[in-house]
Amino acid sequence: MSVLSEQEIQRREALQKLRELGINPYPADEYPVTHTAAEILANFNDHEPEKFAQVSLAGRVMSKRIMGKAAFVDLKDSTGKIQVYFNRDEICPSEDKTLYNEVIKKLTDIGDFIGVKGHVFRTQMGEISIHIKEFTFLCKALRPLPVVKVDAEGNVHDAFNDPEQRYRQRYVDLVVNPHVKEIFVKRTRIIQAMREYFNSFGYLEVETPILQPIPGGAAARPFVTHHNALDIPLYLRIANELYLKRLIVGGFEGVYEFAKNFRNEGMDRTHNPEFTGMEIYIAYKDYHWMMRFTENLLEHVAKSVNEGNTQVQVGDKTIDFKAPYPRVRMYDAIKQYTGFDISGMNEEQLRGVCNQLGIEVTPEMGKGKLIDAIFGEKCEHHFVQPTFIIDYPVEMSPLCKKHRDNPALTERFELIINGKEIANAYSELNDPLDQRERFEEQFKLSQRGDDEAMFIDHDFLRALEYGMPPTAGLGIGIDRLTMMLTNQVSIQEVIFFPQMKPEQITAAPKDEDWTEVGIPEAWVPLAKEAFGNISTMRSLKPTQVHQQLNGLRKKKKLDIPALQLTEVETWFK
RNA sequence: GACUCGGUAGCUCAGCAGGUAGAGCACAACACUUUUAAUGUUGGGGUCCUGGGUUCGAGCCCCAGCCGAGUCACCA
């Protein structure tokens, strides 16, 4: 066990005292709650205090202000904070003031959960508060919570803001940083709004495999695992696209899934190894229809997280999600921002363009990747307001139907907002022979060294051979959409538990370290147990150390000679 | 993966030509009749991320490592 800090020791002592007073610090009983903090603060009216003559609520103690026989505590429940007021002589009408003097003043700490009953009133300072008649201990907290204070001007003092601690101990982050909680509430609201929208069309939410024998539907390096009973490798999915399309083959006309995907790639402020993608496939539609569907969807989502407003502040820009959004052909965008007309260029010519534009290229990059590099470096960041970039080159889009007017292009769009890709959609490729050729192209790329080129999924081809109706499909990165709608620049701020390296467990002192001080080997385990580390031991008086160790020896009935004080004193030299 | 910055009390941070470790909040004790970052007085609290090295002496200098952040590279 690690060494306890002073404050942790004090809290354990308080826990013990509560038990001695007959108070269960961890009761099992239901605590009936009649009101929330937010309800009371919103609805209390000075002219009708009788409406809140009897309230009962529960929450965590966030601050304590004690003045003689009056005490104020901020109680935080899931809806917010409310002040509660304790008066000694009302809590303890008799001579025995223990409940107030001991339990409230001394044994209740910041972080503890309590339940309170009383009536609502307004203090002389004008704050709506609860006048307590009765209170119940619900949970004793053994670790001190960081105390974040906000003054009258709204300045935050002693913010708990070290990213490492915030992500590793998200539970603490959520307790003391209300704005963090707000982001995650919005995240859920975004997903709910999308679900509502899809369901209003009658589309079906489905679940497809996360463990896949062939990781398909995207170009990315997968995580590999192994199934023991089948003795085969399985991959954590990088996308769910191919499975949803199989369901369209099976006769569903609209299916969608919010899917956790996994990609074994680098991590940074826009990439987490697991992330959430929403994909939806709708039969008998094309990408033009899907653009209208998408812009209306995002308008709906923006309004539902934003009190009906379509405008969202993102950094120093205001983004308006109001439909419709402009459609810009990819080649036109490249022409506009680079001056080059790349339509009809071959790989060689594209390399030349990249060189002239100062874009680095590698030999294994094919046509698709070259065009993508040009667009990514020279165009993408120009599109701040939501814009559909349409008609991607066929080499970039192996699962997308060829353009009805130009076989070098595909019927694909990406939605760019604030220079970033938020959505990706196609008129889905349903020609099984074409799909087979595209997979084979990908296979060649992978032989050339592109380790992200797609695998060939023969079962998926078989499904297409049975026939898939014309279908439009859309994918949206939920994490990135959430970042945008909550004005966050780091993906870690919109994922509760972002992936991090495991915490180092700091090595406890080795046995040699103890013996070096002069402690006999037989006593080392006892010294470890009693003091944890050498400096803790040395912070005590030799007499205390002497007594504690001999006490342990007696307690454990160890057959070793008792320590002499003079011997112990030498350890402190 | 490269570079830059950071890791000191429960939290936020300071620290210096290398010379026994500081502040605010939190904690403890006392005072206080409804306080608002409550206040006042007093007090306790630290393997200065880890491991080596230089030195009479290292939180500080050197080397190696760990963890995090930022920038870049990679990334449909």
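Labelled according to an unreviewed UniProt entry, chain A appears under the name Lysine--tRNA ligase, originating from Thermaurantimonas aggregans. Recorded in UniProt for chain A, the comment headed Subunit (unreviewed entry) runs: "Homodimer."

1. Description of the overall build of chain A
Regarding its fold elements, chain A presents 20 helices and 20 strands. Summed over all atoms, the accessible surface of chain A reaches about 29,700 Å², with 51% contributed by carbon and sulfur.

2. What about the UniProt feature "binding site: Mg(2+) 2" (unreviewed entry) in chain A?
Per the UniProt record, the feature "binding site: Mg(2+) 2" (unreviewed entry) sits at Glu 421. Topologically, Glu 421 is positioned in strand 19 (residues 420–427). If sequence neighbours within four positions are ignored, Glu 421 has contacts with Glu 380, Glu 414, Leu 415 and Ile 416.

3. A look at the pattern of salt bridges
By the definition in use, this model includes 39 salt bridges. Note that Asp 46 is salt-bridged to Arg 122, the shortest N-O span being 2.9 Å. With Asp 46 in the loop between helix 2 (37–43) and strand 1 (55–67) and Arg 122 in strand 4 (residues 113–122), this residue pair connects regions lying 76 residues apart in the sequence. Residue class for Asp 46 comes out partly exposed when judged on its relative accessible area of 41%. Two residues, Arg 246 and Asp 459, come together in a salt bridge whose shortest N-O distance is 2.8 Å. Of this pair, Arg 246 sits in helix 8 (residues 241–249) while Asp 459 sits in helix 14 (residues 458–466); the two residues are 213 residues apart in sequence, bridging distant segments of the chain. Shared partners join several salt bridges into a network, and the residues in it are Lys 69, Arg 88, Asp 89 and Lys 97.

4. Considering the pairing of strand 14 (residues 311–314)
Only one face of strand 14 is covered, namely the face carrying Val 312 and Val 314; the face carrying Gln 311 and Gln 313 is uncovered. Two strands pair when backbone bridges link them, and strand 14 and strand 15 (residues 317–320) are joined in this way by 4 bridges, in the antiparallel orientation. Within strand 15, the residue paired with Val 314 across the bridge is Lys 317.

5. Considerations on the protein's contact with RNA strand B
Near RNA strand B lie 56 residues; those nearest to it are Gln 10, Gln 83, Asp 158, Glu 164 and His 271. Atoms of RNA strand B within 4 Å of the protein: sugar and phosphate make up 58%, bases the balance. At a separation of 3.0 Å, a base nitrogen of RNA strand B approaches a polar side-chain atom of Gln 7. Here a base oxygen of RNA strand B sits 2.6 Å away from a polar atom, N or O, in the side chain of Arg 65.

6. Remarks on the environment of Gly 376
With respect to the secondary-structure elements, Gly 376 resides in helix 12 (residues 367–378). Using a relative accessible area of 34% as the deciding quantity, one classes Gly 376 as partly exposed.

Thresholds applied
Residues numbered from 1 in each chain as written. Chains lettered and ligands numbered in written order. Predicted model: local features only at pLDDT ≥ 70, side-chain atom pairs only at ≥ 80, totals over all residues. Heavy atoms only, no water. UniProt positions renumbered as here; feature names shortened; annotations may be inferred. Helix = DSSP H or I, 4+ residues; strand = E, 2+ residues; numbered from the N terminus. Areas by Shrake-Rupley, 256 points an atom, 1.4 Å probe, with all protein chains shown as cover. Contact = heavy atoms within 4.5 Å. Salt bridge = Lys/Arg side-chain N within 4 Å of Asp/Glu carboxyl O. Buried < 20%, exposed > 50% of the residue type's maximum accessible area, 1.4 Å probe, protein only. Pairing = 2+ DSSP bridges. Near = heavy atom within 4 Å. Polar contact = N/O pair within 3.5 Å; in protein donor to acceptor, adjacent residues only side chain to side chain.

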